[in-house]
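# Notes for the structure review
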Amino acid sequence: MSFTEMLDQAERMGVSGVEVNTCGWSTAPHCKMDDLLGNTSAQKAFKSEFSRRGLEIISLNANGNPLHPTDLKQGEDLKKTIRLAGEMGIKKVCTMSGLPAGSANDVMPNWVVSSWPPETQDILRYQWEEKLIPFWADIVALCKQQGVEQIALEMHGNQCVYNVPSLFKLREVLGPVIGANLDPSHLFWMGADPLIAAEALGEAVYHVHAKDTFLNTPKQATTSLLENGSLMDIPARSWSYITLGFGHGEEWWRQFCYRLKMGGYDGWLSIEHEDVLLNSLEGLEKSVDLLKSVMPSAPADFKPQEI
């Protein structure tokens, strides 16, 4: 879709805001950073298309591997995204933590998900101490310089930060600019419980991606949830991304929203549609309808009766 047609569809569906992809694994068809950076008039025109439809730009998303050992552009594009957010007054940027190589001699990212064999610990030390923490220290400094208040890291497989402990580990080193983009779909296939994660993260939840996962129990029984088959072959996979409500029903999503509020989050639920079997517009419409039926919207007003 064109930029304006996309926004017209968002307005038609009754959403309140749009998350804008800028680079990385997205072709970013609706946000050309090079055309917007430093161009006040272009930024004003861009933002006005949202505001005249009653929509907010809820965040910019630099969705990629900013620590890729050979594709350095991904890290540089994250920095450009932060600078653009600062110029446009957008306070939050969503991204991934990144995944470096396993050593200075490697050229491919290396995700460690086991404590054995022993060399896995050497890999983790190299990734965290020599790559991840220094890179993100520079990014946090850039955010403070540009007026970006929150970096929401998507806890995703094949990233250094992929669960609650690894999110807190980086946040404890670098401070509260770093928080979580909580996407339950990834936690499902990694075997975590998004309901407990939502409450455990508490004030560290800066953003939420509303995406569901279909767990294919017969396949899971033999394959496990460590799945590397084609994303397009749903019947053959032990898990697949799916439209909201098709993997976990309305009751689960109601509990998720409530757990988020229990942890102190009262922010955006940003729908990601990655269901290869359903039409994208139909999937979005069904997802919007589900969230509107389960998410609390009015502020709490309960007060104990005076006796």
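Let us look at the structure shown here. From a predicted model like this one, the values you see are computed outputs, not experimental measurements.

This part covers a nonpolar patch on the surface. On the surface, a nonpolar cluster with roughly 320 Å² of combined accessible area is contributed by Met232, Val276 and Leu277. Secondary-structure assignment places Leu277 in the loop between strand E9 (269-271) and helix H11 (280-294).

A few words on the packing of aromatic side chains. Counted by the stated rule, this structure contains 11 aromatic pairs. Judged by centre distance (5.0 Å) and plane angle (10 degrees), the ring pair of Phe3 and Phe46 falls under stacked. Note that Phe3 is positioned in helix H1 (residues 3-13) and Phe46 in helix H3 (residues 40-51), a separation of 43 residues in sequence. Note on accessibility: Phe3 and Phe46 belong to one class, buried. Note on Trp189 and Trp239: the rings are 4.8 Å apart at their centroids and 5 degrees apart in plane angle, and the pair reads as stacked. Of the two residues, Trp189 is situated in helix H7 (residues 184-190) and Trp239 in strand E8 (residues 239-242); the sequence distance between them amounts to 50 residues. Of the aromatic side chains, those joined through ring pairs into one cluster are Phe188, Trp252, Trp253 and Phe256.

On to the nonpolar core, then. If you look at the biggest cluster of nonpolar residues, it comprises 68 residues, and the most contacted ones within it are Trp136 and Leu182. Looking at which element gives the most residues to this core, the answer is helix H5 (residues 119-146), with 8 residues. Dropping the residues within four chain positions of it, Leu182 is found in contact with Met155, Leu187, Ala198, Leu201, Val205, His207, Val208, His209, Phe256 and Leu260.

Conventions and cut-offs
For every chain, the first residue of the written sequence is number 1, and numbering continues from 1 along that sequence. For this predicted model, a pLDDT threshold of at least 70 governs which residues receive local features, and a threshold of 80 or more governs which side-chain atom pairs are given and counted, while totals over whole chains, interfaces and linings are taken from all residues. The basis for every side-chain value is the complete set of heavy atoms in the structure, and neither hydrogens nor water enter the calculation. In this analysis, a patch consists of residues with relative accessible area above 30% that form no salt bridge, clustered at 9 Å for like charges and at 5 Å for the nonpolar side chains Val, Leu, Ile, Met, Phe, Trp and Tyr. All accessible areas in this document rest on Shrake-Rupley with a 1.4 Å probe, and a residue is counted as covered only by the protein chains that are shown. Salt bridge criterion: a side-chain nitrogen from Lys or Arg within 4 Å of a carboxyl oxygen from Asp or Glu. Secondary structure elements follow DSSP: runs of H or I of four or more residues count as helices, runs of E of two or more count as strands, with numbering from the N terminus. When two rings of Phe, Tyr or Trp (its six-membered ring) have centres within 6.5 Å they constitute a pair, described as stacked for plane angles under 30 degrees, edge-to-face for angles over 60, and tilted for the intermediate range. Per-residue accessibility, obtained with a 1.4 Å probe over protein chains only, is compared with the maximum for each type, and a residue is labelled buried under 20%, exposed over 50%, and partly exposed between these values. What we call a nonpolar core is a set of buried Ala, Val, Leu, Ile, Met, Phe, Trp, Tyr and Cys residues that are connected through their side-chain atoms within 4.5 Å. A contact between two residues is defined here by any heavy atoms of the two lying within 4.5 Å.

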